[in-house]
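Each chain is listed here by its residues.
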Amino acid sequence: MDLLKEKILSEGHVREGNILKVDRFLNHQLDIRLLNELGKEFHRRFSHLPVDKILTAEVSGIAIAAIAAQYFQVPVVFAKKLESKNLDPDTYEGEVYSYTKGKTYKIRVSKQYLSPGENILVLDDFLANGEAMKGLIEIIQGAKAHFIGAGVVIEKGFQNGGRELRDQGHLVESLVIIDSLENNEITFR
Ligand code: G4P
Ligand code: NA
Ligand code: NA
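The name recorded for the protein in an unreviewed UniProt entry is Xanthine phosphoribosyltransferase, from Isachenkonia alkalipeptolytica. Recorded in UniProt under Subunit (unreviewed entry), the annotation for the protein is "Homodimer." Heading Subcellular location (unreviewed entry) of the UniProt record for the protein holds this comment: "Cytoplasm".

And the structure:
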């Protein structure tokens, strides 16, 4: 997606540890016009499938999923990462291993908001090792719903998440795939 590539090249920054900072339009400040185009593109790529609901994880996935959902005309559910006294205790849980923190944490969705047989599209900002995605798939499986595919804005093609999911037969649509961030240079596939 050329618009997104141009945005990444003009406003993204490579940080130590193969991290691409996109705070200027995706992870802190939000470029709504761009998000709108990303939403249309996700819809174009998944319009052949029946989508009953979009699932994402807080925090960064929410804006992307919410804007895309307007094109699908379906509800968005986001998994909660933070423990909350007010969260319905009856939840589906997924485990996410965080490489940055070196430990596993749980994400949760109330059983009220996912139902058996529903067709679930997962949308997220980054796909790196795929740990967050695995946790979301675990939640979908716990609900006996169908994981019909994943749409991600930026896939880091040099990490294993995307390959593993595709090897398992899952549909993964990435709006851009980055093959390398070596030497402060962004190389797209
Ligand atoms: P994974 O879920 O794909 O395995 O991601 P990983 O554990 O490797 O990364 C942890 C967090 O860092 C995730 O966000 C992921 O989206 C994000 N991330 C991974 N690589 C990059 C990158 O190059 N740039 C940026 N900006 N983020 C990256 P999170 O903490 O789970 O989500 P959120 O609270 O931001 O929504
Ligand atoms: Na994320
Ligand atoms: Na993130």
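K.L.:
I would appreciate a short explanation of the coordination of the sodium ion (ligand 2) in the present structure.
P.N.:
Coordination sphere of the sodium ion (ligand 2), protein contribution only: Asp124 (OD) and Asp125 (OD), at 2.4 to 2.9 Å. Between the sodium ion (ligand 2) and the sodium ion (ligand 3), a separation of 3.8 Å is found. A residue is classified by how much of its surface remains accessible, and Asp125, at 10% relative accessible area, is buried.

K.L.:
It is not clear to me how the site of ligand 1 should be interpreted in this structure. Could you clarify?
P.N.:
Near ligand 1 you find 18 residues, and of these Leu20, Ser60, Ala128, Glu131 and Lys156 are the closest. The contact in question runs from a nitrogen atom of ligand 1 to an N or O atom on the side chain of Asn27, over 3.0 Å. Between ligand 1 and Lys81, the relevant distance is 2.9 Å, taken from an oxygen atom to a side-chain nitrogen or oxygen of the residue. Out of a free accessible area of 710 Å², ligand 1 has 79% covered by protein chains. When residues of the shell around ligand 1 are traced back to their parent elements, those giving at least two are β2 (19-21), β7 (119-127) and α5 (131-142).

K.L.:
Please explain unusual backbone geometry as it appears in this structure.
P.N.:
A negative phi holds for most residues other than glycine; trans holds for most peptide bonds. The omega torsion of the bond from Glu58 to Val59 falls at 10 degrees, within 30 degrees of zero and hence cis. A positive phi angle, near 60 degrees, is found at Asn18, a position not held by glycine. Look at Asn18 and you get partly exposed, because its relative accessible area is 26%. Its identity as a non-glycine residue notwithstanding, Gln73 has a phi of 55 degrees, on the positive side. Within the element layout of this structure, Gln73 appears in the loop between α4 (61-72) and β4 (76-79).

K.L.:
I'm lost on the UniProt feature "binding site: xanthine" (unreviewed entry) in the protein in this one. Help?
P.N.:
Summarizing the sequence annotation, UniProt attributes the feature "binding site: xanthine" (unreviewed entry) to Leu20, Asn27 and Lys156 in the numbering used throughout. Structurally, Asn27 is set in helix α2 (residues 23-27). Every residue in contact with Asn27, bar those within four places of it in the chain, is listed here: Val22, Ser60, Asp125 and Phe126. Side chain to side chain, Asn27 and Ser60 meet in a polar contact 3.3 Å long. In contact with Lys156, not counting residues within four places along its chain, are Asn18, Ile19, Phe126, Leu127, Ala128, Ile178 and Leu181.

K.L.:
What is the right way to look at the packing of aromatic side chains in this model?
P.N.:
Here the distance between the centres and the angle between the planes together describe a pair of aromatic rings. For the structure shown, the criterion picks out one aromatic pair. Centroid distance Tyr97 to Tyr99: 5.0 Å. Interplanar angle 85 degrees. Geometry classified as edge-to-face. The exposure class of Tyr97 is partly exposed, given its relative accessible area of 34%. The aromatic ring of Tyr105 is capped on one face by Lys101, whose charged end is 5.9 Å from the ring centroid.

K.L.:
Which parts of the structure should I look at to understand the sheet that holds strand β10 (residues 187-188)?
P.N.:
Pairing between sheet strands relies on hydrogen bonds along the backbone, with the strands arranged either parallel or antiparallel. Pairing is mixed across the open sheet formed by six strands, whose spatial order is β4-β3-β7-β8-β9-β10. Pairing within the sheet leaves two strands with one partner each, and these edge strands are β4 and β10. Relative to β10, strand β9 (residues 172-180) runs antiparallel, the two sharing two bridges. Bridge assignment links Ser180 to a residue of β10, and that residue is Thr187. Lying on the sheet, helix α3 (residues 32-46) is in contact with β7, β8 (146-156) and β9; it crosses β9 at an angle near 115 degrees. Helix-sheet contacts for α5 involve β3 (53-57), β4, β7 and β8, and the interaxial angle to β7 is about 165 degrees.

What counts and what doesn't
Residues numbered from 1 in each chain as written. Chains lettered and ligands numbered in written order. Predicted model: local features only at pLDDT ≥ 70, side-chain atom pairs only at ≥ 80, totals over all residues. Heavy atoms only, no water. UniProt positions renumbered as here; feature names shortened; annotations may be inferred. Donors = N, O, S within 2.8 Å, 3.2 Å for Na, K, Ca; no water. Buried < 20%, exposed > 50% of the residue type's maximum accessible area, 1.4 Å probe, protein only. Near = heavy atom within 4 Å. Polar contact = N/O pair within 3.5 Å; in protein donor to acceptor, adjacent residues only side chain to side chain. Areas by Shrake-Rupley, 256 points an atom, 1.4 Å probe, with all protein chains shown as cover. Helix = DSSP H or I, 4+ residues; strand = E, 2+ residues; numbered from the N terminus. Contact = heavy atoms within 4.5 Å. Phe/Tyr/Trp six-rings, centres within 6.5 Å; stacked < 30°, edge-to-face > 60°. Lys NZ or Arg CZ within 6 Å of the ring centre and 35° of its normal. Pairing = 2+ DSSP bridges. Axes fitted to C-alpha atoms, helices over the stretch in contact; angles between N-to-C directions.

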